[in-house]
Amino acid sequence: VDVYQAWCGPCKPVVNLFQKIKNEVGSDLHFAVAEVDSIDALEKYRGQCEPVFLFYTGGELVAVVRGADAPLLQKTILKQL
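Residues numbered from 1 in each chain as written. Predicted model: local features only at pLDDT ≥ 70, side-chain atom pairs only at ≥ 80, totals over all residues. Heavy atoms only, no water.

A. The overall build of the chain, seen in detail. Each helix and strand counted, the chain has 2 helices and 4 strands in total. Expressed as a percentage of its 81 residues, the buried residues of the chain come to 31%. A total of about 5,100 Å² of accessible surface is found on the chain, and carbon and sulfur atoms cover 53% of it. Averaged over its 8 positive side-chain charges, the chain has a centre that lies 6 Å from the centre of its 10 negative ones. (Helix = DSSP H or I, 4+ residues; strand = E, 2+ residues; numbered from the N terminus. Buried < 20%, exposed > 50% of the residue type's maximum accessible area, 1.4 Å probe, protein only. Areas by Shrake-Rupley, 256 points an atom, 1.4 Å probe, with all protein chains shown as cover. Lys, Arg positive; Asp, Glu negative; His and termini not counted. Charge placed at Lys NZ, Arg CZ, Asp CG, Glu CD.)

B. Here's a closer look at the nonpolar core. Residues C11, V14, L17, F18, I21, L29, F53, F55, A63, V65, L73 and I77 constitute the largest nonpolar core, which totals 12 residues. Mapped by element, the contributors of at least two residues to this core are α1 (12–25), β3 (52–57), β4 (60–66) and α2 (70–80). Top contributing element to this core by residue count: α1, with 4 residues. Residues contacting F55, with those up to four places away along its chain left out, are F18, E60, L61, V62, A63, V65, L73, T76 and I77. (Core = buried A, V, L, I, M, F, W, Y, C linked by side-chain atoms within 4.5 Å. Contact = heavy atoms within 4.5 Å.)

C. Up close: α1. Over its 14 residues, α1 extends 21 Å from the first C-alpha to the last, a length consistent with the 20 Å expected when each residue adds 1.5 Å. Taken together, the buried positions of α1 are occupied by V14, L17, F18 and I21. Here the buried residues of α1 occupy an arc of 95° about the axis, which is enough to place them on one side. Of the exposed residues in α1, the ones pointing more than 90 degrees away from its buried face are K12, P13, N16 and N23. Against β3 and α2 lie the buried residues of α1. Phi for G26, located one or two positions after α1, is positive at around 65°. (Expected span 1.5 Å × (residues − 1). Arc of directions from axis to C-beta.)

Put into structure tokens, the structure is as follows:
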């Protein structure tokens, strides 16, 4: 989940990375975006100027990546798969 602030928007360049990984791995990988101001459960991520990526497996939060660090995001995705 790409968690973002309304004033800066979701991290669009990362969508391409997720699509590339999904095409390569052929996994049941899902990418979503969520605005922190509209979801109370994401309140702790408000007021930050960097994107935050939350990784869930079976409804449980399993990893968090702060910032649009493509190599770290790719490593985290592949590790979680």
